[in-house]
Amino acid sequence: MRSSAIGDSVEGDSLELQCRKIYLHGPTKTRFTNKLVFSFKLSIHGFAKIAKPLGDPTKQLSAKSHVEEGDEIHGERIFGFSSKPLGRQEVRHATGTHKATFVPTRAKSYALVEIGVRDQLQAIDQSND
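Rules used throughout
- Residues numbered from 1 in each chain as written.
- Predicted model: local features only at pLDDT ≥ 70, side-chain atom pairs only at ≥ 80, totals over all residues.
- Heavy atoms only, no water.
- Phe/Tyr/Trp six-rings, centres within 6.5 Å; stacked < 30°, edge-to-face > 60°.
- Lys NZ or Arg CZ within 6 Å of the ring centre and 35° of its normal.
- Core = buried A, V, L, I, M, F, W, Y, C linked by side-chain atoms within 4.5 Å.
- Buried < 20%, exposed > 50% of the residue type's maximum accessible area, 1.4 Å probe, protein only.
- Helix = DSSP H or I, 4+ residues; strand = E, 2+ residues; numbered from the N terminus.
- Contact = heavy atoms within 4.5 Å.
- Salt bridge = Lys/Arg side-chain N within 4 Å of Asp/Glu carboxyl O.

So, the packing of aromatic side chains
The tally for this structure, following the rule as stated, stands at two aromatic pairs. Taking the ring centre of Phe 102 as reference, the NZ or CZ of Arg 92 above it sits at 3.8 Å.

In structure tokens:
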């Protein structure tokens, strides 16, 4: 399932991340699990896709998260965290005109859309006029 609404999330034992700008933060304790995690923010059209689904679905952080292999979220800004440091970043062409940073997560990971895709936001603004 492909989604880009604010608040949509994905969880998996491994995620594939793609964006034009990534911000990595040091290890911190999260309010969700009270455990040490490695957080990140994806911006300029972020993308997170489940590469490996949760081994134990009962360990899901949010009942609303997408958890099937191949489920993905898109957004102008995506917040997330992983229980282990992220894998090696690779910059390569993503479209005919732009490069992107590709990063795999190596352990249980969570990602949440903070700001939806720009096209959707503009459509919402135009419908309110």
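Quick word on the nonpolar core
Counting 15 residues, the largest nonpolar core has Val 10, Leu 17, Leu 42, Ile 73 and Ala 111 as the members making the most contacts within it. Ranked by residues supplied to this core, first place goes to strand E5 (residues 36-52) with four residues. Aside from chain neighbours lying at most four places away, what touches Val 10 is Leu 15, Ala 48, Ile 50, His 66, Asp 71, Glu 72, Ile 73, Ser 109, Tyr 110 and Ala 111.

Structural notes on the pattern of salt bridges
The tally for this structure, following the rule as stated, stands at three salt bridges. Between Arg 77 and Glu 114 there is a salt bridge, and its shortest N-O distance comes to 2.8 Å. With Arg 77 in strand E6 (residues 72-82) and Glu 114 in strand E9 (residues 109-115), this pair connects stretches of sequence that are 37 residues apart. A relative accessible area of 33% means that Arg 77 is categorised as partly exposed. Judged by its relative accessible area of 26%, Glu 114 falls in the partly exposed class. Across the salt bridge formed by Arg 92 and Glu 90, the nearest N and O atoms sit 3.2 Å from each other. Accessibility expressed as a relative area gives 37% for Arg 92, which makes it partly exposed. Each of Lys 41, Arg 77 and Glu 114 takes part in salt bridges that share partners, so that together they form one network.

Any link to function would need more than the numbers given here.
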